[in-house]
Amino acid sequence: MKHIEEEIKERAQSTIEKVISRAKKIKEREIILARKKQEEIVSKGKRRIDEAIERKSNSLKAQLKLEYRIKEDRFKEELSFLLLDEVKKEINNLSDNVLLEAHKNLIREAVVVLGLKKIYVKANKKISLLIKEQYEEVISFIRKRSPEFESLDIDDSLNSYGVIVGSLDKKAFFNNTFERRFKRFDESFKERILNTLKKYEK
């Protein structure tokens, strides 16, 4: 009988030890799983924070780029007006011969573009007078590039330097005023100035 009791005790002890061992393994597994879950939560949270920071950073960069472009465009516009004013001042100091030569080239360029034999030329009063005084010379100059060119009429109602050249029926015209030419080359010209300024900023 005593032998049976001891055997029962041993089996019970063995069973208890197995249960305890199993419980420890389950506990360890649960701890490992809990740690993994915690790491995943932390990693996911960190990822979200990093993404939020990146979005904010990209947003700020885009905003700064936009502000820079706006300021750059304003600077270009102001620079354009300043340069145009300087050009106007310089033009007023040019001699009649230089002015006439410049305007002869402007007229001829327009004639070549339009392909006309007879034109009207709108210029300011000073240039109109110079053209009238040197009419034959102007015609001869134009014919060097457009041999079929015949004649031109003068309109002295323009308020700026340069010319507006058109067909007598007013259906075609070419704006070759200094302001218009300046605007046509404006962007590339201002870009070169900005690039030069940036070199000095470094």
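The shown structure was predicted, so the numbers you read here are calculated from the model rather than taken from an experiment.

A separate point is the environment of Lys126. Of note, Lys126 is situated in helix 3 (residues 125-133). Looking at Lys126, the relative accessible area reads 34%, which means it is partly exposed. Expressed as a C-alpha distance, the spacing of Lys126 and Tyr161, which sit 35 residues apart in the sequence, is 9.1 Å. Beyond its immediate stretch of four places on either side in the chain, Lys126 contacts Asp96, Leu99 and Tyr161.

With that settled, the discussion passes to the packing of helix 2 (residues 96-114) against helix 4 (residues 135-143). Put simply, helix 2 and helix 4 touch, their axes get as near as 9 Å, and they point 45° apart. As summarised for this structure, helix 2 and helix 4 are arranged oblique, according to the angle between their axes. The way helix 2 lies across helix 4 gives a crossing that is right-handed. Contacts between helix 2 and helix 4 involve Leu100, Glu101, Lys104, Asn105, Ile107, Arg108 and Val111 from the first element and Glu137, Val138, Phe141 and Ile142 from the second. Tallied by class, the residues present in the contact of helix 2 with helix 4 amount to six nonpolar, one polar and four charged.

Right, let's get into the side chain of Ser167. With respect to the secondary-structure elements, Ser167 resides in strand 3 (residues 162-167). A distance of 2.5 Å separates polar atoms of two side chains, one belonging to Ser167 and the other to Asp169. Setting aside residues up to four positions removed in sequence, Ser167 forms contacts with Leu116, Lys118, Tyr120 and Ala172.

What follows covers the sheet that holds strand 2 (residues 151-155). Pairing in this open sheet of four strands is mixed, and the strands run 2-1-3-4 from one edge to the other. For this open sheet the edge positions go to strand 2 and strand 4 (173-177), each flanked by a neighbour on one side alone. Put simply, the sheet's adjacent strands are angled 20° from each other on average, direction ignored. As judged from the four bridges shared by strand 1 (residues 118-122) and strand 3, these two strands associate in the antiparallel manner. Paired with Ile119 across the two strands is Ser167, which belongs to strand 3. Packed onto the sheet, helix 3 meets strand 1 and strand 2 and runs at close to 150° relative to strand 2.

An ideal rise of 1.5 Å per residue puts 27 Å on 19 residues; helix 2 measures up with 27 Å between its terminal C-alpha atoms. Within helix 2 the residues assigned to the buried category are Leu99, Leu100, His103, Lys104, Leu106, Ile107, Arg108, Ala110 and Val111. Gly115 lies just past helix 2 and shows a positive phi near 70°.

What counts and how
- Residues numbered from 1 in each chain as written.
- Predicted model: local features only at pLDDT ≥ 70, side-chain atom pairs only at ≥ 80, totals over all residues.
- Heavy atoms only, no water.
- Helix = DSSP H or I, 4+ residues; strand = E, 2+ residues; numbered from the N terminus.
- Buried < 20%, exposed > 50% of the residue type's maximum accessible area, 1.4 Å probe, protein only.
- Contact = heavy atoms within 4.5 Å.
- Axes fitted to C-alpha atoms, helices over the stretch in contact; angles between N-to-C directions.
- Parallel < 35°, antiparallel > 145°, perpendicular 65-115°, else oblique.
- Left-handed = near helix turned anticlockwise from the far one by under 90°.
- Nonpolar A, V, L, I, M, F, W, Y, C, P; charged D, E, K, R; others polar.
- Polar contact = N/O pair within 3.5 Å; in protein donor to acceptor, adjacent residues only side chain to side chain.
- Pairing = 2+ DSSP bridges.
- Expected span 1.5 Å × (residues − 1).

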